[in-house]
Amino acid sequence: MAVSLVAAFMAVACGDSDRFTVKGTVEGGRSMNLRYVFYDGDAFMQGITAVRGGDFRFEGTAPQPVLIELFDNDYRLLGRIYAAKGDEIECRIDPADPNRLSASGRKDLSRWTQWLRDNADALAAGRGDSLVAAYVERNPGDVVATLLVVTQIDASTDRGLHLADSMLTLIAPEARPLNITRSLVAQIEQHVHGPEARMRDFGVRMRDRGNDTLRMASSPLTLFALSTERTARRDSVVPALRAIYKSHGGRRLRVVDISLDIDTPAWRRITRPDSAGWIQAWLPGGTASRGIDSLAVPSLPYFIVADSTGSQLLRTPSAAAARSFIDKRMARK
């Protein structure tokens with residue numbers, strides 16, 4: 001069974017005492033690549049493991065409990081689990097619905113996944129907000145309340161962001177692990193205090209035509225993906241962009257892959273094998289480059305979706321969240 005090099009590195013860096021194990025089955029006996037992503041308290045960790053005959057296994061390390069998202073190779077969400085050091089998690093994935101995953105190995109994980117299965121039809125029908133609100137009100141000291149807010153409330157809309165903010169304030173601090181709520185809290189803070197709301201036209205170096213200007217008005221919707229080779233661009237960002245571009249790239253969506261690598265030779269060497277149909281660009285000053293310096297990019301990789309006026313519709317460190325938002329946005333038109 002293939003185990004990610006990411007997990008192997010983390011085992012050395014954090015020590016065996018922080019290790020957790022996840023074993024599982026994908027219904028239907030499928031063989032595929034399974035991607036897993038989690039925030040370990042310091043950085044977003046990503047890995048790939050092989051599913052053979054429906055079975056898979058991977059290990060990770062984290063000093064604090066982590067929320068792990070599971071995807072197929074095209075970054076379609078398969079389910080989520082919650083694990084901590086020392087845990088031996090077992091799960092069963094229903095590839096048709098991420099909310100029907102079953103899991104054991106932690107009591108709070110089992111309660112969470114049971115709740116999702118019990119309410120899967122209501123969640124699919126769009127009644128999740130009221131159900132989550134009721135759970136939070138009844139169980140303010142339960143980490144499952146936090147897991148439901150973080151994963152089930154759509155914080156890509158103003159309404160969802162305010163709803164998530166109000167729910168988090170009801171949950172006891174000890175039931176709100178910082179590494180679980182980090183991305184959501186950052187979104188809330190940015191919405192309230194935020195970076196510059198509108199993106200301006202800015203200059204970049206294009207891979208195929210030299211210096212040029214990216215103009216917001218040139219496309220109804222633009223996905224900006226900012227990364228470096230050191231932030232797992234090849235393993236995580238490029239596959240996600242390829243999937244998004246294949247589904248939606250064209251007149252309605254412009255995909256812009258911006259490298260913040262230190263020098264152009266490194267950038268050209270890295271992007272040469274991509275065979276990308278999307279725009280590949282480079283900014284020499286990193287996150288301080290003119291044009292994006294006011295965006296307050298908190299980490300890399302980072303994804304921003306903007307409309308033709310430059311309004312930022314989504315800011316997220318998650319490629320999967322970017323894809324989900326774009327899928328929903330395109331389905332409305």
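Analysis parameters
- Residues numbered from 1 in each chain as written.
- Predicted model: local features only at pLDDT ≥ 70, side-chain atom pairs only at ≥ 80, totals over all residues.
- Heavy atoms only, no water.
- Helix = DSSP H or I, 4+ residues; strand = E, 2+ residues; numbered from the N terminus.
- Buried < 20%, exposed > 50% of the residue type's maximum accessible area, 1.4 Å probe, protein only.
- Contact = heavy atoms within 4.5 Å.
- 1 Å grid on protein atoms, 1.4 Å probe; cavity = no way out; pocket = protein on both sides within 12 Å on 5 of 7 lines; lining within 4 Å.
- Points joined across faces, edges and corners; volume = space filled by probe spheres on them.
- Nonpolar A, V, L, I, M, F, W, Y, C, P; charged D, E, K, R; others polar.
- Axes fitted to C-alpha atoms, helices over the stretch in contact; angles between N-to-C directions.
- Parallel < 35°, antiparallel > 145°, perpendicular 65-115°, else oblique.
- Left-handed = near helix turned anticlockwise from the far one by under 90°.
- Pairing = 2+ DSSP bridges.
- pLDDT = per-residue confidence, 0-100.
- Core = buried A, V, L, I, M, F, W, Y, C linked by side-chain atoms within 4.5 Å.
- Phe/Tyr/Trp six-rings, centres within 6.5 Å; stacked < 30°, edge-to-face > 60°.

*Asks:* Which parts of the structure should I look at to understand the overall build of the protein chain?
*Replies:* Tallying secondary structure elements over the protein chain gives 10 helices and 15 strands in all. The buried share of the protein chain, taken over its 333 residues, is 52%. Contacts spanning at least 24 positions in sequence make up 61% of the contacts within the protein chain whose residues lie at least 6 apart.

*Asks:* What is the right way to read empty space enclosed by the protein from this model?
*Replies:* Remark: the empty space left among the atoms is shown by a probe the size of a water molecule rolled over them. This model, assessed by the stated rule, comprises one cavity of 30 Å³ or more. Here the largest cavity is characterised by a volume of approximately 50 Å³. Lining the largest cavity, in full, are Leu77, Gly79, Arg80, Pro98, Asn99, Trp112, Leu116, Thr151 and Gln152. For the lining of the largest cavity, the secondary structure elements donating two or more residues are strand E6 (77-83), helix H2 (107-118) and helix H5 (143-152). Here the element with the most residues in the lining of the largest cavity is E6; it accounts for three residues. Residues belonging to the lining of the largest cavity are distributed by class as follows: four nonpolar, four polar and one charged.

*Asks:* For this particular structure, what's the right way to read the packing of helix H4 (residues 128-138) against helix H6 (residues 158-170)?
*Replies:* At a minimum axis separation of 10 Å, H4 and H6 run at an interaxial angle of 15°. In terms of orientation, H4 lies roughly parallel with respect to H6. Crossing geometry of H4 relative to H6 is assigned as left-handed. Every residue of H6 that contacts H4 at Asp129, Val132, Ala133 and Val136 is listed here: Arg159, Leu163, Met167 and Leu170.

*Asks:* I would appreciate a short explanation of helix H8 (residues 233-248) in the present structure.
*Replies:* Turn by turn, an α-helix covers 3.6 residues, leaving residues three or four places apart pointing in a common direction. Of the residues making up H8, those classed as buried are Arg233, Ser236, Val237, Val238, Pro239, Ala240, Leu241, Ala243, Ile244 and His248. Downstream of H8 by one or two residues, Gly250 has phi in the positive range, about 145°.

*Asks:* Hey, could you run me through the pairing of strand E2 (residues 32-39) in this one?
*Replies:* A regular strand carries its side chains on alternate faces of the sheet. Burial analysis of E2 places seven of its eight residues in the buried class, the great majority of the element. Strand direction decides the pairing type here: E2 and strand E3 (residues 44-51), joined by eight bridges, are antiparallel. Its bridge partner lying in E3, Met32 is registered against Val51. Pairing between E2 and strand E5 (residues 66-71): three bridges, direction antiparallel. Residue pairing in the sheet places Arg35 in a bridge with Phe71 of E5.

*Asks:* Even after reading the chapter, I still don't get the pairing of strand E1 (residues 19-26), so can you show me in this structure?
*Replies:* With seven bridges joining them, E1 and strand E4 (residues 55-61) adopt antiparallel strand pairing. Across the sheet, the residue bridging to Gly24 is Phe56, located in E4. As defined by bridge partners, E1 adjoins strand E7 (residues 88-93) across six bridges and the pair is classed as parallel. Residue pairing across strands places Thr25 opposite Arg92, the latter belonging to E7.

*Asks:* Any chance you could explain the sheet that holds E4 here in plain terms?
*Replies:* Pairing between the strands of a sheet comes from backbone hydrogen bonds, and it takes one of two forms, parallel or antiparallel. One open sheet holds the four strands; their spatial order is E4-E1-E7-E8, and the pairing between them is mixed. Edge positions in the sheet fall to E4 and strand E8 (102-104), since each has one partner strand and no second. Each adjacent strand pair in this sheet contributes to an overall mean axis angle of 20°, direction not counted. Along the sheet, H2 makes contact with E7 and E8, crossing E8 at roughly 165°.

*Asks:* What is the right way to read the sheet that holds E6 from this model?
*Replies:* Taken together, the four strands give an open sheet; going across it, the order is E3-E2-E5-E6, and neighbouring strands pair in antiparallel fashion. Because the sheet does not close on itself, it has two edges, and the strands there are E3 and E6. Sheet twist, expressed as the average angle between the axes of neighbouring strands with direction ignored, equals 20°. Sheet strands touched by H5: E5 and E6. Its angle to E6, the strand with the most contacts, is close to 155°.

*Asks:* Help me out: how do you make sense of the confidence of the model for the protein chain in this one?
*Replies:* Any region with low pLDDT has predicted coordinates that should not be read closely. When pLDDT is averaged across the protein chain, the result is 84; 84% of the residues are at 70 or more. Here residues 1-14 is a poorly scored stretch, pLDDT under 50, and it has 31 contacts once near neighbours within four places are set aside; other chains count.

*Asks:* Explain the nonpolar core here, please?
*Replies:* A general tendency of soluble globular proteins is for nonpolar side chains to be buried together. Ile68 and Val149 are the most contacted members of the largest nonpolar core, which totals 51 residues. The element contributing the most residues to this core is H5, with six residues. When residues no more than four places from it in sequence are discounted, the contact partners of Val149 are Val132, Val136, Ala164, Met167, Leu168, Ile171 and Leu184. The next biggest cluster of nonpolar side chains, apart from the first, holds 23 residues, and it includes Leu241, Trp278, Ala320 and Met330.

*Asks:* Mind showing me how you'd approach the packing of aromatic side chains here?
*Replies:* One pair of aromatic rings is described through two measures. These are the centre distance and the angle between the planes. In total, this model carries seven aromatic pairs according to the counting rule given. Taking the centre distance of 5.6 Å and the plane angle of 70° together, the rings of Phe20 and Phe38 count as edge-to-face. Here Phe38 lies in strand E2 and Phe20 lies in strand E1, a separation of 18 residues in the sequence. Exposure class is identical for Phe20 and Phe38. Each is buried. Ring geometry for Tyr245 against Trp278: centres 5.9 Å apart, planes inclined by 65°, an arrangement best described as edge-to-face. Of this pair, Tyr245 sits in helix H8 while Trp278 is found in the loop between helix H9 (264-271) and strand E13 (279-282), placing the two residues 33 residues apart along the sequence. Judged by its relative accessible area of 30%, Tyr245 falls in the partly exposed class. Among the residues examined, Trp278 registers a relative accessible area of 7% and is labelled buried. Taken together, the aromatic side chains of Tyr36, Phe56 and Phe58 make up a single cluster linked through ring pairs.

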